[in-house]
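What follows is each chain in one-letter form.
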Amino acid sequence: MAGETVITVVGNLVDDPELRFTPSGAAVAKFRVASTPRTFDRQTNEWKDGESLFLTCSVWRQAAENVAESLTRGTRVIVQGRLKQRSYEDREGVKRTVYELDAEEVGAALSNATAKLTKANRSGAGGPSRTDDRWNTGGATTIGGDNVPF
């Protein structure tokens with residue numbers, strides 16, 4: 001990621017994520033995030049909304065399927081990824097520039113919500129199994145006489 005612009009955006013999903021598949025079968029989810037800054041005006045003793053940023057995001061593979069299954073319009077999310085700039089000409093021949101985010105991580109913001117997570121099953125992922133997990137205590141709350149801190 002050297003030389004790339006990595007950003008984190010906190011905002012609300014504008015639409016439900018749209019899940020599609022490439023001809024080779026790779027999943028990609030596209031969604032938009034609206035992020036609106038708020039500041040407190042001490043003179044009026046009120047919160048004021050700033051100008052909203054709308055950012056189109058894409059996430060790939062298993063994460064795309066997880067996002068499409070887990071998140072819906074209006075959900076407050078935290079998205080981290082690489083900011084990309086793309087230029088094109090519209091139908092009238094006017095050159096346009098858009099900014100998009102290639103997301104690496106997407107999650108629900110839990111400051112005003114709760115979530116129950118389910119670890120996604122990966123078929124053929126080749127990762128360690130639950131029994132190979134060295135942090136798996138088998139439900140024990142102590143290790144070597146010490147309490148597990150989590």
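Evaluated as defined, the whole model comprises 1 aromatic pair. Ring centres of Phe-40 and Trp-47 lie 5.3 Å apart, and the angle between their planes is 65 degrees; this geometry places the pair in the edge-to-face category. In this structure Phe-40 comes out as partly exposed when scored by relative accessible area, which is 40%. Overall, Trp-47 belongs to the exposed group, its relative accessible area being 51%.

Direction of pairing for strand β3 (residues 27–35) relative to strand β6 (residues 53–60): antiparallel, over a ladder of 8 bridges. The residue of β6 that forms the bridge with Ala-29 is Val-59. Across 3 bridges, the pairing between β6 and strand β8 (residues 95–108) is parallel. Bridge pairing links Cys-57 to Leu-101 in β8.

As paired elements, strand β7 (residues 76–89) and β8 share 13 bridges and run antiparallel to each other. Each bridged residue has a counterpart across the sheet, and for Leu-83 the counterpart in β8 is Leu-101. Turn length for the β7-β8 hairpin, with the two strands adjacent in sequence and antiparallel, is 5 residues, and the turn residue Gly-93 shows positive phi of about 85 degrees.

What follows is about unusual backbone geometry. Positive phi is not limited to glycine here, since Asn-45 has a value of about 60 degrees. You can see Asn-45 is positioned in the loop between β4 (38–41) and β5 (46–49). The backbone of Arg-61 shows a phi angle near 60 degrees, a positive value even though the residue is not glycine. Overall, Arg-61 belongs to the exposed group, its relative accessible area being 57%.

As a further point, take the side chain of Thr-75. Structurally, the position occupied by Thr-75 is in the loop between α1 (61–70) and β7. A distance of 2.7 Å separates a polar side-chain atom of Thr-75 from the backbone oxygen of Thr-72. The residues contacting Thr-75, other than those within four sequence positions of it, are Gly-11, Asn-12, Leu-13 and Ala-108.

By size, the foremost hydrophobic cluster in this structure holds 16 residues, and its most contacted members are Phe-31, Val-33, Val-59 and Val-79. Leave out the neighbours within four places in its chain, and Val-33 touches Val-9, Gly-11, Asn-12, Leu-13, Val-14, Leu-53, Phe-54, Leu-55, Cys-57, Val-77 and Val-79.

Per the stated rule, a full pass over the model turns up 9 salt bridges. For Lys-84, the salt bridge goes to Glu-4, with nearest N and O atoms at 3.6 Å. Note that Lys-84 is positioned in strand β7 and Glu-4 in the segment before β1 (5–13), a separation of 80 residues in sequence. Residue Arg-38 is joined to Asp-49 by a salt bridge in which the shortest nitrogen-to-oxygen separation is 2.7 Å. Taken together, the residues span a long stretch of sequence, with Arg-38 in strand β4 and Asp-49 in strand β5 at a distance of 11 residues. A single network of salt bridges, built from pairs that share partners, joins Glu-4, Arg-82, Lys-84 and Glu-104.

Conventions used here
Residues numbered from 1 in each chain as written. Predicted model: local features only at pLDDT ≥ 70, side-chain atom pairs only at ≥ 80, totals over all residues. Heavy atoms only, no water. Phe/Tyr/Trp six-rings, centres within 6.5 Å; stacked < 30°, edge-to-face > 60°. Buried < 20%, exposed > 50% of the residue type's maximum accessible area, 1.4 Å probe, protein only. Pairing = 2+ DSSP bridges. Helix = DSSP H or I, 4+ residues; strand = E, 2+ residues; numbered from the N terminus. Polar contact = N/O pair within 3.5 Å; in protein donor to acceptor, adjacent residues only side chain to side chain. Contact = heavy atoms within 4.5 Å. Core = buried A, V, L, I, M, F, W, Y, C linked by side-chain atoms within 4.5 Å. Salt bridge = Lys/Arg side-chain N within 4 Å of Asp/Glu carboxyl O.

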